[in-house]
Amino acid sequence: MSVAGGTVMVLCLAFGQAALLAALPAAAVGWSRLVLRAHTPAQVAAGTALGAVTGLTFALLR
């Protein structure tokens, strides 16, 4: 989810709100992690947030 969150963040920064469609596959990945009981909801949320913050930080420091 970190990679998915970071990818969505970088795409949104590069292409604007139109890139929010990339969040749909990312949400499907998160949902599958929950259904397969590979992660808890807190782990999925934390991974997504970590990836988004990392992507934003990278873009701002660039």
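Below you will find a few notes about this structure. As the structure is a computational prediction, the values presented were derived from the model and not from experiment.

Procedures and definitions
Residues numbered from 1 in each chain as written. Predicted model: local features only at pLDDT ≥ 70, side-chain atom pairs only at ≥ 80, totals over all residues. Heavy atoms only, no water. Helix = DSSP H or I, 4+ residues; strand = E, 2+ residues; numbered from the N terminus. Rg over C-alpha atoms; globule rule 2.2 N^0.38 Å. Contact = heavy atoms within 4.5 Å. Areas by Shrake-Rupley, 256 points an atom, 1.4 Å probe, with all protein chains shown as cover. Core = buried A, V, L, I, M, F, W, Y, C linked by side-chain atoms within 4.5 Å. Buried < 20%, exposed > 50% of the residue type's maximum accessible area, 1.4 Å probe, protein only. Expected span 1.5 Å × (residues − 1). Arc of directions from axis to C-beta.

## Some details on the overall build of the chain
Part 1 of the reasoning: When helices and strands are tallied, the chain shows three helices and zero strands.
Part 2 of the reasoning: Starting at the N terminus, the α and β elements of the chain follow one another as α-α-α.
Part 3 of the reasoning: Taking 62 residues into account, the globule formula puts the C-alpha radius of gyration at 11 Å, and the chain, at 12 Å, falls close to it.
Part 4 of the reasoning: In terms of principal-axis extent, the alpha carbons of the chain reach across some 35 × 20 × 10 Å.
Part 5 of the reasoning: Sequence separation of 24 or more characterises 61% of the internal contacts of the chain that already satisfy a separation of 6 or more.
Part 6 of the reasoning: Only carbon and sulfur atoms are counted for the fraction: they give 74% of the accessible area of the chain, which is about 4400 Å².

## Quick notes on the nonpolar core
Part 1 of the reasoning: Residues A4, V8, C12, A19 and A26 constitute the largest nonpolar core, which totals five residues.
Part 2 of the reasoning: In terms of residue count, helix α1 (residues 2-15) provides more of this core than any other element does, three residues in total.
Part 3 of the reasoning: Excluding residues within four positions of it along the chain, A26 makes contact with M1, A4 and V8.

## Description of helix α2 (residues 23-35)
Part 1 of the reasoning: In a regular helix each residue adds 1.5 Å, so 13 residues correspond to 18 Å; α2 covers 18 Å between its end C-alpha atoms and thus fits that length.
Part 2 of the reasoning: Note on α2: the residue one or two positions beyond its end, R37, has a positive phi of about 55°.

## Remarks on helix α3 (residues 41-61)
Part 1 of the reasoning: Taking 1.5 Å per residue, 21 residues should reach 30 Å; α3 reaches 30 Å between its end C-alpha atoms and fits that length.
Part 2 of the reasoning: Those residues of α3 that sit buried are V44, G47, G51, A52 and G55. The buried residues of α3 occupy an angular sector of 125° when the element is viewed end-on, so they sit on one face. Residues of α3 that are exposed and angled more than 90 degrees away from the buried face: A42, L50, V53, L60 and L61.

Distances and angles like these do not, on their own, reveal function.
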